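Coordinate analysis (summary)
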Amino acid sequence: MLEEQEIRERAEYCYLVFMQLSCLRDNMHATPERYLDYLKGSTLRLAEDDFIRSLVEEELRMGSHDGGLGYLITLFEGFAHAYSEVIQIPLEEIRNGLPLGLRDKLASEMDRKLRKIRKKARS
């Protein structure tokens, strides 16, 4: 069985992949034909991942409207949730434990900025 730290690292990685692919999807200038070009600039080296690359290529050949990006986003989000459940840590806590600078960098690689969540002051 995997150690808790290794499971947490996998949850963090899957969350970061989910987040970066979501940023790519939100980039209105990125068409499915250009997805792999964007992913080549990923710090996570997503264009080098055989599964991701082959899935996007196959979906493009089949004429998919989103190049398989929706499937990949859902898949990695599901993995992140599953890993966080195993170690019984909410995914929000895992997300918040990741450096904001890293998350900003990954978003900017997809020509996006993270939405800043403003906390309302409590009375």
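Residues numbered from 1 in each chain as written. Predicted model: local features only at pLDDT ≥ 70, side-chain atom pairs only at ≥ 80, totals over all residues. Heavy atoms only, no water.

1. Points about the pattern of salt bridges
Oppositely charged side chains can form a pair if their charged atoms are brought close together. Within the structure shown, the criterion is met by 7 salt bridges. Close ionic contact of Asp-26 with Arg-25 constitutes a salt bridge, the shortest N to O distance being 3.6 Å. Looking at Arg-25, the relative accessible area reads 43%, which means it is partly exposed. Among the salt bridges present, the one from Asp-50 reaches Arg-53, with a minimum N-O distance of 2.9 Å. Linking Asp-50 with Arg-53, this pair stays in helix H3 (residues 50-61), spanning 3 residues, or about one helical turn. (Salt bridge = Lys/Arg side-chain N within 4 Å of Asp/Glu carboxyl O. Buried < 20%, exposed > 50% of the residue type's maximum accessible area, 1.4 Å probe, protein only. Helix = DSSP H or I, 4+ residues; strand = E, 2+ residues; numbered from the N terminus.)

2. Some words on the confidence of the model for the protein
Of all residues in the protein, 93% attain a pLDDT of 70 or more, and the chain-wide mean is 92. Segment residues 117-123: pLDDT under 50, and 0 contacts once partners within four positions in sequence are set aside and those in other chains are kept. (pLDDT = per-residue confidence, 0-100. Contact = heavy atoms within 4.5 Å.)

3. Quick notes on the packing of aromatic side chains
If you walk through the whole model with that rule in mind, you get 2 aromatic pairs. Here Phe-76 and Phe-79 contribute two aromatic rings whose centre-to-centre distance is 5.8 Å and whose plane-to-plane angle is 85 degrees, an arrangement assigned as edge-to-face. One end of the pair, Phe-76, and the other, Phe-79, are both in helix H4 (residues 69-86), 3 residues apart, so they sit about a helical turn from each other. Its relative accessible area of 36% is what places Phe-79 among the partly exposed residues. (Phe/Tyr/Trp six-rings, centres within 6.5 Å; stacked < 30°, edge-to-face > 60°.)

4. Structural notes on the state of the cysteines
This model, assessed by the stated rule, comprises 0 disulfides. Looking at Cys-23, it has no disulfide partner, and the nearest cysteine sulfur is the one in Cys-14, 16 Å off. (Disulfide = S-S within 2.5 Å.)

5. Re helix H6 (residues 100-109)
Listed as buried for H6 are Arg-103, Leu-106, Ala-107 and Glu-109. Projected onto a plane normal to the axis of H6, the buried residues spread over an arc of 160 degrees and lie on a single side. Turning to H6, the residues buried within the fold contact helix H1 (4-26), helix H2 (35-39) and helix H5 (91-97). Positive phi shows up at Asp-111, right after H6, with a value of about 60 degrees. (Arc of directions from axis to C-beta.)

6. Re the nonpolar core
If you look at the biggest cluster of nonpolar residues, it comprises 36 residues, and the most contacted ones within it are Tyr-15, Leu-21, Leu-24, Leu-39, Ile-52 and Phe-76. Elements with a contribution of two residues or more to this core: H1, H2, H3, H4, H5 and H6. Counting residues per element, this core draws most heavily on H1, which supplies 11 residues. When neighbours within four sequence positions are excluded, Leu-39 is seen to be in contact with Leu-21, Leu-24, Leu-46, Ala-47, Ile-52 and Met-110. (Core = buried A, V, L, I, M, F, W, Y, C linked by side-chain atoms within 4.5 Å.)

7. So, H4
With 18 residues, H4 should reach 26 Å at 1.5 Å per residue; the first-to-last C-alpha distance of 26 Å fits that figure. By the burial criterion, the buried members of H4 are Leu-69, Leu-72, Ile-73, Phe-76, Ala-80 and Ser-84. Taken end-on, H4 shows its buried residues confined to a sector of 100 degrees, consistent with a single buried face. Those residues of H4 that are exposed and aimed more than 90 degrees away from the buried face are Thr-74 and Glu-85. (Expected span 1.5 Å × (residues − 1).)

8. Quick word on the side chain of Glu-12
Positionally, Glu-12 belongs in helix H1. Residues within four places of Glu-12 in sequence aside, it is in contact with Ile-94 and Leu-98.

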